[in-house]
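Each chain, written out:
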Amino acid sequence: MVPHLVTALTGPINELEQRILESMPAIERWFRLEWMEHTPPFYCSVDIRNAGFKLAPVDTNLFPGGFNNLTPEMLPLAVQAAMAAIEKICPEAKNLLLIPERHTRNAFYLMSVQRLMRVFHQAGLNVRLGTLDDEIREPTRLPLPDGTELTLEPLRRVRGRLGLKDFDPCTILLNNDLSAGVPKVLQNLHEQYLLPPLHAGWSVRRKSRHFQSYEEVAKKFAKLLGMDPWLINPMHAHCGKVDFTASEGLDCVRANVEAMLTKIRRKYKEYGINEKPFVVVKADNGTYGMGIMTVRDLKDLEEPSRRTRNKMSVVKEGLPVTEVIIQEGVPTYERMNDAVAEPVVYMIDRYVVGGFYRVHAERGVDENLNAPGSSFAPLAFADSHHLPRMGEKPGVSAPNRFYMYGVIGRLAMLAASYELEATDPEAEVYA
């Protein structure tokens with residue numbers, strides 16, 4: 001089951017699919033060499049858009065939820081990848097402390113946490129849940145839709161180590177993106193591994209920095225395959241000191257949007273693409289599909305509506321938007337039952353462990369699908385995840401399409417490792 005591309009412009013992507021399949025040994029060797037030099041993030045998910053003429057990541061999440069949307073067939077891969085990841089970090093580990101988001105009443109999110117616990121339990125670890133919610137002072141049971149339950153426990157900090165009552169973990173896995181800042185209880189831990197590192201949280205991380213790293217990775221990869229990096233890389237720009245509520249700093253946004261639309265038109269002309277270009281303006285830090293607007297025309301920014309100003313003024317945890325990334329819009333021409341769809345690829349360590357399609361019947365090809373009303377179709381990748389089928393006609397094989405998505409997902413993951421190295425506060429600086 002693979003969504004069909006509803007566009008005649010499948011030429012470049014089918015060529016790209018063919019080139020990627022033909023270059024598979026070189027690609028896998030290239031990734032191996034990169035992972036010898038760079039440490040992959042512990043886990044991540046990547047939103048990808050397939051325009052038929054371009055295939056590119058549009059967001060990389062280093063604290064992924066949504067593991068409940070992966071099919072049971074994908075579990076063995078996730079367990080093996082988790083084993084490999086833990087073995088590298090703390091081979092003697094027996095206890096893993098998982099710290100979820102504070103808003104843990106969301107049933108879908110809780111099912112994702114349960115799936116993560118199951119993965120690490122099957123990887124041979126005792127897994128317990130510790131919460132950053134100060135209001136939880138004793139073990140609290142949370143019922144799940146499938147009739148099971150999770151137990152949230154208050155964190156305990158003793159002599160520089162973080163754990164729970166009668167539970168001293170070697171490794172602490174964050175599934176909380178630290179949008180509201182880094183709590184004191186997580187700082188300066190003694191001889192414990194905190195994953196992902198604190199500077200991966202949205203209090204430090206910036207999307208513009210990530211896509212700067214991705215551009216570097218895309219250029220290297222494109223050189224390997226002898227192709228135009230634009231086919232896999234969304235152009236981007238950045239604006240700081242922006243306040244949509246007070247209409248401050250919007251001149252920078254308008255200027256960058258105008259320049260970006262001109263660049264996209266030029267590329268479309270080069271490739272004979274008869275599409276209307278658009279850009280996406282997003283909060284430079286943040287998640288959950290908040291603080292995002294599609295701009296098709298400069299007029300959209302002349303007098304932003306009150307709804308737009310409100311939407312662009314705050315993100316998760318009510319934090320004000322002060323910086324934005326202006327990103328080339330990549331339309332999605334994948335359809336599932338007439339609804340617009342985009343693939344989301346999941347990775348643990350350096351391995352692709354699965355994915356699903358995010359589907360939204362009420363959104364257009366140029367809109368953000370990570371919004372209320374979206375649904376998930378995990379069956380798309382239930383067939384072979386890693387093993388492409390050589391010799392099949394491009395554009396028709398689900399395993400081949402997924403292998404291609406896995407390559408793009410891993411490029412985004414590699415970019416995240418570049419990004420985390422560049423922003424590591426503890427990295428040694430050589431004169």
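See above for the structure.
Predicted model, so just to flag it, every value in this text is computed and none were measured. (Residues numbered from 1 in each chain as written. Predicted model: local features only at pLDDT ≥ 70, side-chain atom pairs only at ≥ 80, totals over all residues. Heavy atoms only, no water.)

Quick notes on the overall build of the chain
Applicable threshold: Each helix is a run of DSSP H or I of at least 4 residues and each strand a run of E of at least 2, with the numbering of both proceeding from the N terminus. The atom set for the radius of gyration is the C-alpha atoms, and the globule formula is 2.2 Å times the number of residues raised to the power 0.38. Summary of the burial criterion: residues with accessible area below 20% of their type's maximum are buried, those above 50% are exposed, and those between are partly exposed, where the area comes from a 1.4 Å probe applied to protein chains only. What makes two residues a contact is simply this: any of their non-hydrogen atoms within 4.5 Å. Under the convention used here, a 1.4 Å probe and the Shrake-Rupley method define accessible areas, while residue burial counts only the protein chains that appear.
Per the secondary structure count, the chain includes nine helices and 19 strands. Its C-alpha atoms give the chain a radius of gyration of 21 Å, within 12% of the compact-globule value 22 Å for 431 residues. Considered along the principal axes of its C-alpha atoms, the chain spans approximately 65 × 55 × 55 Å. Of all 431 residues assigned to the chain, the portion counted as buried reaches 56%. Residue pairs at least 24 apart in sequence account for 70% of intrachain contacts in the chain once pairs closer than 6 positions are excluded. Surface summary for the chain: the accessible area is close to 19,300 Å², and the carbon and sulfur share equals 50%.

Observations concerning the environment of Glu 73
Its location among the elements puts Glu 73 in the loop between strand S3 (55–61) and helix H3 (75–89). Overall, Glu 73 belongs to the partly exposed group, its relative accessible area being 48%. Separated by 281 residues in sequence, Glu 73 and Gly 354 place their C-alpha atoms 9.1 Å apart.

Focus on the side chain of His 199
Threshold: Polar contact is defined as a pair of N or O atoms within 3.5 Å, subject to the rule that within protein one atom must be able to donate a hydrogen and the other to accept it, and that residues adjacent in sequence are counted only when both atoms are side-chain atoms.
You can see His 199 is positioned in the loop between strand S11 (193–195) and helix H5 (207–225). Within the local environment of His 199, its side chain forms a polar contact with the backbone oxygen of Leu 420, the two atoms lying 2.9 Å apart. The residues contacting His 199, other than those within four sequence positions of it, are Val 204, Arg 205, Leu 420, Thr 423, Asp 424 and Pro 425.

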